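# Observations on the three-dimensional arrangement
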Amino acid sequence: LKFPDRMRLVLKNKEEGTELFQGGNFRPAAARYNKALTHAAKFLDLSPDQRTEVNAVKLSLHLNIAMCWLKITDAANNLEQAIRSCNDALELDEANVKALYRRATAYEAKGGDE
């Protein structure tokens, strides 16, 4: 797919995930955000501007997935999943306040002081 077409797919899945999240459907929202990330991983030969745009969307998706996992309290590994998503976000932006805060929230909920 060409860049605009693939980006439309990414953003469509992201928007659907947000609608699900707002309706309290956290697992399906996380799945939709992950689907958007899968599409975002398929970009090839990006210009610097396109790379910046894609990374910004990927950062947002990782943050949204982390928030979903913080809300999915009936999963045994939800906090580890949230931490992993935050770490993925921090790989894109090491000083991202939302990622640092959500990761700290997950560590605190685990009872750890990592």
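All figures in this text were calculated on a predicted structure; none of them were measured in a lab. (Residues numbered from 1 in each chain as written. Predicted model: local features only at pLDDT ≥ 70, side-chain atom pairs only at ≥ 80, totals over all residues. Heavy atoms only, no water.)

## Looking at the overall build of the chain
Each helix and strand in the chain was counted, giving five helices and zero strands. Helices and strands appear in the chain in the N-to-C order α-α-α-α-α. Once the C-alpha set of the chain is aligned to its principal axes, its extents read approximately 45 × 30 × 20 Å. Here the chain holds 114 residues, and 39% of them are scored as buried. Pairs at least 24 residues apart make up 60% of the contacts formed inside the chain by residues separated by at least 6 positions. Accessible area for the chain stands at about 6,900 Å²; split by element, carbon and sulfur atoms hold 50% of it. Charge centroids of the chain, computed over 17 positive and 16 negative side chains, lie 6 Å from each other. (Helix = DSSP H or I, 4+ residues; strand = E, 2+ residues; numbered from the N terminus. Buried < 20%, exposed > 50% of the residue type's maximum accessible area, 1.4 Å probe, protein only. Contact = heavy atoms within 4.5 Å. Areas by Shrake-Rupley, 256 points an atom, 1.4 Å probe, with all protein chains shown as cover. Lys, Arg positive; Asp, Glu negative; His and termini not counted. Charge placed at Lys NZ, Arg CZ, Asp CG, Glu CD.)

## Quick word on unusual backbone geometry
One non-glycine residue, D45, adopts positive backbone phi at about 50°. Residue position: D45 is located in the loop between α2 (26-40) and α3 (48-71). A residue is classified by how much of its surface remains accessible, and D45, at 80% relative accessible area, is exposed.

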